[in-house]
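Observations on the model geometry
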Amino acid sequence: MEEIIKGFLDLVKERNGHEAEFIQAVEEVAETVLPYIVQHDIYHGKNILLRMVEPERAITFRVNWVDDKGEIQVNRGYRVQMNSAIGPYKGGLRFHPSVTMSILKFLAFEQVFKNSLTTLPMGGGKGGSDFDPKGKSDNEIMRFCHAFMSELFRHIGSNTDIPAGDIGVGGREIGFLFGMYKKLRNEFTGVLTGKGMTWGGSLIRPEATGYGTVYFADKMLQTKGDSFKGKTVVISGSGNVAQYAAEKTIHLGGKVITLSDSSGYIVDHEGIDPDKLTFVMTLKNVKRARISEYVKTYPKATFVANKTPWEVKCDIALPCATQNELNENDADMLLKNGCICVSEGANMPSTKAAITKFHEAKILFAPGKASNAGGVATSGLEMTQNSLRYNWSRAEVDEKLKDIMSNIHDACIEYGKDEKTGYIDYVKGANIAGFVKVADAMLAQGVV
Ligand code: GLU
């Protein structure tokens, strides 16, 4: 088996060797899915995974815009349309200076499996730009978004490809992107998700990724007869996912003691209560300031510069910032300090070596493609409401989100539980469950 996996990965590396993050995402899937393919005649010998690692289409384009000083800026725009076997391409847009084709291909590849797991009919895609929204005025953000959409519009559509937000793209950016799409196409359609409540958005969409990550962790804890009650929880990030993961953790009786951003983390051993969380939401979403400001208002908390929060003792860790933010040493520290559960809110935040440590220690570990699927699942529910021209209540959407997270958890058990030891390998479970649905559709549709 090792030979087959190595042969496959050598081929992928030969073609994409310079794309480290993409290779990392493919490796993790290949190691669990190839053995399954070999054991099942319907998939064996059809190069099905080789077809899945090749984007159906990848577009790059120039984005010109004029900054507040009147200078012309040039950025690069991308959309990776990875797989449309089970539905139109679906996945977020990321605006961050680190964005490259490798980052977007890894995200689009993960998205294919994640979207398949949601049980909703969505294919996988991802896009974005190396544009840095940090420090830009609202007008600059608007001009950039309009310029970006003035090219992207010809590649997307409500039955073709439906982008949404990701890092650096929130409600404000989706508004500007939607405005330009509507103007160019002269149609009001559900082409983007994460829209505002008065123009086609869904209740619970802003909360969904963070809530879903906590619902999933709660399901994992239940397999051990445990819960969030009284648990100390360490969260990284302070954006949309981290904020709502914190909110739901508090609802379920957990104590959140950290949040972070790219400059460091804050630790508040008294716990971040709902009032403090409201302060963080204003700080990050309205003032667009740094998390270090927290300690000026709450002086009992401390700010630790240039570090991640994994050195802080906790029961549960929720990495909600970005890829590869939790490495092997961090995993060692979490385990040494007695952490029993890690549920990823970000995409691929744990390195491969860190995941190996979690598996060896047999703790509860959920990969982002399962535990953070609540965001895109609720995007799917937004698409359904747009098609119906109808809005569900907050309680209705939340109930559906909970059901979806529970179904994803069941799918992980079906494909990831070791019958002898009872240990649930959620990475294996999510990869195989996500693969089966997409592979079946690809086989049914033939070599296209
Ligand atoms: N960017 C989010 C993700 O990683 C959401 C994508 C979407 O809603 O389409 O799943």
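The structure this text deals with has already been given above.
To keep things clear, this report deals only with the structure shown in the data block. Here the residue index of a chain counts from 1 through its sequence in written order. Two thresholds apply to this predicted model, a pLDDT of at least 70 for residue-level local features and 80 or more for giving and counting side-chain atom pairs, whereas whole-chain, interface and lining totals are computed over all residues. The side-chain figures draw on all heavy atoms in the structure; neither hydrogens nor water molecules are used.

**Here we look at the packing of aromatic side chains**
The rule is short: rings of Phe, Tyr and Trp, with Trp giving its six-membered ring, pair when the centres are within 6.5 Å, and they are stacked under 30 degrees, edge-to-face over 60, tilted in between. The final tally for this structure, using the stated rule, is 22 aromatic pairs. Summarising the aromatic geometry, the rings of F144 and F148 are spaced 5.9 Å apart at their centres and angled 35° between planes, so their arrangement reads as tilted. Remark: F148 and F144 occur in helix 5 (residues 138-152); sequence separation between them is 4 residues, near one turn of the helix. Residue burial is assigned from relative accessible area. The probe radius is 1.4 Å, only protein chains are included, and a residue is buried under 20% of its type maximum, exposed over 50%, and partly exposed in between. For F144, a relative accessible area of 0% corresponds to the buried category. For F148, a relative accessible area of 0% translates into the label buried. An aromatic cluster is defined as three or more aromatic residues linked by ring pairs; in this entry it consists of F61, W65, F95, F131, F144 and F148. We call a charge positioned over a ring when the NZ of a Lys or the CZ of an Arg lies within 6 Å of the ring centre and within 35 degrees of the ring normal. The side chain of K276 reaches across the aromatic face of Y298, ending 5.6 Å from its centre. Directly above the ring of W392 sits K400, whose terminal nitrogen or CZ lies 4.5 Å from the centroid. Helical segments are the DSSP runs of H or I of at least four residues, strand segments are the runs of E of at least two, and each set is numbered from the N terminus.

**Some thoughts on the layout of surface pockets**
Definitions used throughout: a 1 Å grid over protein atoms alone; a cavity as a set of points that fits a 1.4 Å probe which cannot get out; a pocket as an open set with protein on both sides within 12 Å along at least five of seven lines; a lining residue as one with an atom within 4 Å of a point. Grid points are joined across faces, edges and corners, and a volume is the space filled by probe spheres set on the points. Taken as a whole, the second largest pocket spans an internal volume of roughly 360 Å³. We call Asp, Glu, Lys and Arg charged. Ala, Val, Leu, Ile, Met, Phe, Trp, Tyr, Cys and Pro are nonpolar, and the rest, Gly among them, are polar. When grouped by side-chain class, the residues that make up the lining of the second largest pocket number 6 nonpolar, 9 polar and 2 charged.

**Quick notes on the sheet that holds strand 1 (residues 57-66)**
Only strands joined by at least two bridges in the DSSP assignment are considered to pair. Taken together, the 5 strands give an open sheet; going across it, the order is 1-2-4-3-5, and neighbouring strands pair in mixed fashion. With one partner strand each, in any of the chains shown, strand 1 and strand 5 (161-164) form the two edges of the open sheet. The mean inter-strand angle of the sheet, taken between neighbouring strand axes irrespective of direction, is 20°. One ladder, built from 10 bridges, connects strand 1 with strand 2 (residues 72-83); its direction is antiparallel. Among the inter-strand pairings, V63 is bridged to a residue of strand 2, identified as N75. Note on method: axes are straight lines fitted to C-alpha atoms, helices fitted across the in-contact stretch only, with angles between N-to-C directions ranging 0 to 180 degrees.

What is shown is where atoms sit, not what they do.
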